[in-house]
Structure formats: C-alpha cells, structure tokens
Amino acid sequence: MRTSIRGGFRSGAPTQSVVARIGGDEFAVLIGHILHDSDASIVAERILERLSEPFEFEGRSVFVSASIGIALSSTGDTAEELLRNADTAMYRAKTNGRARSEFFNEGMRARVVSRFEVENGLRKAIEERQLVVYYQPIVSPGDSNIRGFEALVRWNHPERGLIQPGEFIPIAEESDIIVLLGRWVLRESCRQMAEWQRTFPPLRSLTVSVNVSARQLCDSRLVEEVESALADSGLNPESLALEMTESSIMGNAQQTLATLDRLKAMNIRLEIDDFGTGYSSLSYLQRLPFDILKIDRSFIREMTAGNGSLDIVKAIMQLARSLKLEVIAEGVETEQQQCRLHELGCNYLQGYLFSKPVDASAAERLCQETGESGFVSLASPLVTTDGLGS
Ligand code: C2E
Ligand code: MG
Ligand code: MG
C-alpha cells in the first residue's frame, strides 16, 4: 500500500500521506493535498492492482481482494466524520461487487444502516418476520419465457422501510447471523415455489435459485437444512438451485467439495454466481459438481462497449461448453445484449430488461399469466440481427 501512494499524480500535486492499519483487515490511507478527485481514485486503482497479485504464504499462493471507500475532505469536517464516510463508501464498494472503489456521497449516508443497528436488528428481524424475499425472473433468451426465479432477500425495516441486501448481507456474513438468515430465505423460497407449482400446474418446471454464502457452505448443518426445507415444503429437489460465488467455494474447497457432492446426490442444481470476478481454480471447477455458471453482470454491461468484455463472455461460454455447464447471463439491460447473448448460445438471461426483483405477489401475477397462456413473455419477442423474429 505504501508503494501505491508514492507514485505521484497526473496533476503533479505534492502529497503527504499516511497508511494505517485500523484493526483486523481494515486499513486507512490518508492522502494530503490532492488537486483532483481522480487523484484519489488513481491511488485506489494502484492499491487494488497490487493486492490482486498473489501472496506467497507457507508455500502457497493466496489471493485477497479489497474494497475501497473514498471520502473527500469536503464531505466531512472532523476526522471521525471522514472515516465514517469512507467506511460507508467501502460498504457500497463491497456491495457493488468487491475489488473496487467508490466515492462517498451524501445520498449514501441516508440509506446506510449502521453496523451496530444491523447486528442487533437482524436477529430480531428474522424472528419478527421483517425479512421478505423478492423474486427476479430468469428467462429463455429467444422467447423471454420465464424458467425460474432468483430469490433475493430484503429487510422491511419498521422505521427505515425496505433495505437492500447490500446494506446488511456483508455485515451478516461476518457472523453466524448469515446462517440464520440463509436458513430462513431457503425455507421461505422453497415454501413459496412449492405453493406456486401447486397453484399453477403448468409451472411445475419452474425453479427457484437461492444464494448461499461461504459461512453456510462451511456449516455442517447445511445439507440437513436443505433436506428439511424440501421435505417441509414438498418442493422437489430438481426445482431448487443453490448459488454460490467462486471465492466462497475456493476459500475452503476440500470441505466444500464433500458438501456439494452430497447436495448434488440429492439432485439439487448448483450454480456459480458472479462468475469471472473471483479467483477460480480451473481444476477444481472441473471436479466440483456444478450445473450452471452465472456470468457476472460487469461483463454483460460492457459487452457491447468494444473493450474486450465481449471476448471474455465468449471465452466463458466456451469454457462452460467444454465443462458441460449451462450459462445464465446476469444484468441484461438492453435488447442488444439479449440479442448478442442469444446468438452466442447463452441458456438463460436475467436482468432489468425482463424484470427487476419483485415481491411475491407481483411475481405471482407473472406466474398467473403464465398459467393462463402457457407461458409468459416479459419482453417483446426477440428480433435477431437478420431481421427475422425468433
Ligand atoms: P446476486 O446474487 O449476484 O444477485 C443479483 C443482483 O443483481 C441483485 O441485487 C439484482 O437485483 C441485481 N440485478 C439483477 N439484474 C440487474 C440488472 O439488469 N442491472 C443491475 N444493475 N442489477 C441487476 P440485490 O437484490 O441487491 O442483491 C445483491 C446481492 O446480495 C446478491 O447478488 C447476493 O450476493 C446478495 N443476496 C441477496 N439475497 C441473499 C440471500 O438470501 N442470501 C445471501 N447469502 N446473499 C444474498
Ligand atoms: Mg445470486
Ligand atoms: Mg450474481
């Protein structure tokens, strides 16, 4: 980090800087006399780049990533305020996909719940049913028909209203609260999907994808919890998918392998979430019993920008094909992206183009239309580049 702040800036400003460890895995970097805001992001970029290199530790290569929050002195009068603002921005960076930096702005403060409030509030929130599951459709590329939903939790806070998961999941993940929360989301999603399948028989093949975090994967009770969620809801295992990120798998690959094998043996679908943003060991990827890769939305967003992201998407598609995995593209927002992904042979799409995550009753309305007409189409039928509808 020290070497990262030395290099000077584009604006040529003189600097007086401090790097400090403020506890655990948290560090503060203080940069004096910057001329442009971009000077701060240049330093952040350099730090991220240096940290992305592997560390040699006890003969092994270890990878870490960092999330950086930047607060400018214009946003706070006191040192405490400045640090708190940087902390707030850091949480936003974590939420937006880690290994990145974000500038603090006033809008963030209003929405951010303090860590203290989250830790104390969440246990109560689970008991008092303040958590709600939202559902985002996952569709086929050609006809935009719904194939399933991803379950995404929100916290309906009595005073603050609806809080997005980015504001509390990272904090929940630092303790066993995530295990309690994850169990609740799993049970609720299974119950809801089983109910929809019963109410709308044409939807018997709909699936629900539930996010599982690293701590849950290491928890020996996970398999039993999945079994009991299925048994109590009556949902069949083929209708349940579990999503996990590369880093949560690779963090403890040996033990995770055993857990995943047991889940696979139950016929549950296993998905790698946010693929391409973490570090995967390709040899593990081959040995782990995954069914689906979800390409991270950062690649989808950029794929029509002509900066190499399209090549990454193509390479991931090829990798998936040779590993016999299906592919879901996340964050599809434009018809152009839909079209391109369809041409590339992507199996499923998810994104605002089709629908934002919606509450159960809105999702149910989508199901109802599906039940009546045999399918539901969320976007106009795709027109391929040769001008023919498909
Ligand atoms: P994720 O699993 O990668 O979920 C996809 C996120 O991308 C969702 O954010 C979704 O709203 C957003 N998204 C979907 N389509 C688009 C699009 O077209 N454009 C853009 N810009 N964004 C799109 P959300 O709901 O805020 O969830 C954020 C993250 O919080 C999730 O990322 C997941 O990692 C975590 N999360 C949510 N629910 C749970 C849960 O029950 N358990 C655990 N462990 N994590 C959860
Ligand atoms: Mg997910
Ligand atoms: Mg994702």
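What you see as residue numbers is a count from 1 along each chain, following the sequence as written. As a convention, the first chain written is A and the first ligand written is 1, with the rest following in written order. Selection of residues for local features in this predicted model requires a pLDDT of at least 70, selection of side-chain atom pairs for listing and counting requires 80 or more, and totals for whole chains, interfaces and linings are taken over all residues. Excluded from the side-chain calculation are hydrogens and water; included are all heavy atoms of the structure.

Caption draft 1: Here's a closer look at the overall build of the protein. Under the scheme used here, helices are H or I runs from DSSP no shorter than 4 residues and strands are E runs no shorter than 2 residues, and both carry numbers assigned from the N terminus. Per the secondary structure count, the protein includes 16 helices and 15 strands. Taken over C-alpha atoms, the radius of gyration is set against a globule rule of 2.2 Å times the number of residues to the power 0.38. Relative to a compact globule of 390 residues, whose C-alpha radius of gyration would be 21 Å, the protein shows 22 Å and is just as compact. Over its C-alpha atoms, taken along the principal directions, the protein stretches across nearly 70 × 55 × 45 Å. Long-range contacts, defined here as pairs at least 24 residues apart, represent 64% of the contacts in the protein between residues at least 6 apart. Per element, the accessible surface of the protein, about 19,500 Å² overall, is 50% carbon and sulfur. By the counting rule applied here, Lys and Arg register as positive and Asp and Glu as negative, while His and the ends of each chain are not counted. The atom standing in for a charge is NZ when the residue is Lys, CZ when it is Arg, CG when it is Asp and CD when it is Glu. Positive and negative side-chain charges of the protein, numbering 41 and 54 respectively, have mean locations separated by a distance of 2 Å. Should any heavy atoms of two residues lie within 4.5 Å, those residues are counted as being in contact. Only the protein chains shown count as covering a residue, and every accessible area follows the Shrake-Rupley method with a 1.4 Å probe.

Caption draft 2: Structural detail: the coordination of the magnesium ion (ligand 2). Taken together, E150 (OE), N211 (OD1), E243 (OE) and D273 (OD) make up the full set of protein donors to the magnesium ion (ligand 2), lying 2.0 to 2.2 Å away. Mapped onto the sequence, the residues coordinating the magnesium ion (ligand 2) show the spacing E-x60-N-x31-E-x29-D. Note that water is not among the atoms used; donors are N, O and S atoms within 2.8 Å of the metal (3.2 Å for Na, K and Ca), so sites may look incomplete. The two metals, the magnesium ion (ligand 2) and the magnesium ion (ligand 3), are separated by 3.9 Å and share D273 as a common coordinating residue. Placement of the pair is N211 in strand β10 (residues 207-211) and E243 in strand β11 (residues 240-245), with a sequence separation of 32 residues. A relative accessible area of 1% means that E243 is categorised as buried. Three labels apply to residues, based on accessible area from a 1.4 Å probe with only protein chains included: buried if under 20% of the type maximum, exposed if over 50%, partly exposed otherwise in between.

Caption draft 3: Focus on the coordination of the magnesium ion (ligand 3). Within the protein, D273 (OD), D274 (OD), E330 (OE) and E330 (OE) serve as the donor atoms for the magnesium ion (ligand 3), at 2.1 to 2.5 Å. Spacing between the donor residues of the magnesium ion (ligand 3) along their common chain follows D-D-x55-E. The buried category is assigned to D273, whose relative accessible area is 7%.

Caption draft 4: Representation of the nonpolar core in the model. The nonpolar core is taken to be a set of buried Ala, Val, Leu, Ile, Met, Phe, Trp, Tyr and Cys residues, with the residues joined through side-chain atoms within 4.5 Å. With 86 residues, the main nonpolar core has L122, F149, L181, V226, L240, L242 and L263 as its most contacted residues. If one sorts the elements of this core by residue count, helix α7 (residues 177-199) sits on top with 11 residues. When sequence neighbours within four positions are dropped, the list of residues in contact with L242 reads L186, V210, V212, V226, L263, I268, R269, L270 and E271.

Caption draft 5: Layout of the packing of aromatic side chains. Note on aromatic contacts: the rings of Phe and Tyr and the six-membered ring of Trp form a pair at centre separations within 6.5 Å, being stacked when their planes are under 30 degrees apart, edge-to-face when over 60 apart, and tilted otherwise. Taken as a whole and assessed by the stated rule, the structure comprises 4 aromatic pairs. Aromatic side chains Y135 and F149 sit 6.2 Å apart centroid to centroid with 80° between the ring planes, which places their arrangement in the edge-to-face category. Of the two residues, Y135 is situated in strand β7 (residues 131-139) and F149 in strand β8 (residues 146-157); the sequence distance between them amounts to 14 residues. Of the residues examined, Y135 reaches a relative accessible area of 1% and is grouped as buried. Residue classification places F149 among the buried positions, given a relative accessible area of 0%. A ring pair is formed by Y135 and W196, whose centres lie 5.0 Å apart and whose planes are at 70°; its orientation type is edge-to-face. Of the two residues, Y135 is situated in strand β7 and W196 in helix α7; the sequence distance between them amounts to 61 residues. Following the ring pairs from residue to residue traces out a cluster consisting of Y135, F149 and W196. When the NZ atom of lysine or the CZ atom of arginine is within 6 Å of a ring's centre and also within 35 degrees of its normal, the charge is said to sit over that ring. Between K356 and the ring centre of Y352, over which it is positioned, the NZ or CZ distance is 4.7 Å.

Caption draft 6: Region of the structure containing the site of ligand 1. Taken together, 22 residues lie around ligand 1, and R154, D273, R297, E333 and Y352 are the ones closest in. By the criterion applied in these results, polar contacts are pairs of N or O atoms within 3.5 Å in which, for protein atoms, one can donate a hydrogen and the other can accept it, and in which residues neighboring in sequence qualify only through two side-chain atoms. At 3.0 Å from a nitrogen atom of ligand 1 is found a side-chain nitrogen or oxygen belonging to Q136. Interatomic distance of 3.3 Å between a side-chain N/O atom of E330 and an oxygen atom of ligand 1. Taking 810 Å² as the accessible area of ligand 1 by itself, protein coverage stands at 85%. Broken down by secondary-structure element, the contributors of at least two residues to the shell around ligand 1 are β8, α7 and β12 (269-275). Residue contributions to the shell around ligand 1 peak at 4 residues, all from β8. Asp, Glu, Lys and Arg are counted as charged, while Ala, Val, Leu, Ile, Met, Phe, Trp, Tyr, Cys and Pro are counted as nonpolar; the rest, among them Gly, fall into the polar class. Classifying every residue of the shell around ligand 1 by side-chain character gives 9 nonpolar, 5 polar and 8 charged. Any residue with a non-hydrogen atom lying within 4 Å of a molecule or strand is treated as near it.

Caption draft 7: Expanded view of a nonpolar patch on the surface. Patch membership is restricted to residues that have no salt bridge and whose relative accessible area is over 30%. Joining uses 9 Å for like charges and 5 Å for the nonpolar side chains Val, Leu, Ile, Met, Phe, Trp and Tyr. What counts as a salt bridge is simple: a side-chain nitrogen of Lys or Arg found within 4 Å of a carboxyl oxygen of Asp or Glu. Among the surface-exposed residues, F55, F57, V62 and V64 lie close enough to one another that they form a single nonpolar patch of about 330 Å² accessible area. Mapped onto the fold, V64 is located in the loop between β4 (60-62) and β5 (68-70). For V64, a relative accessible area of 34% corresponds to the partly exposed category.

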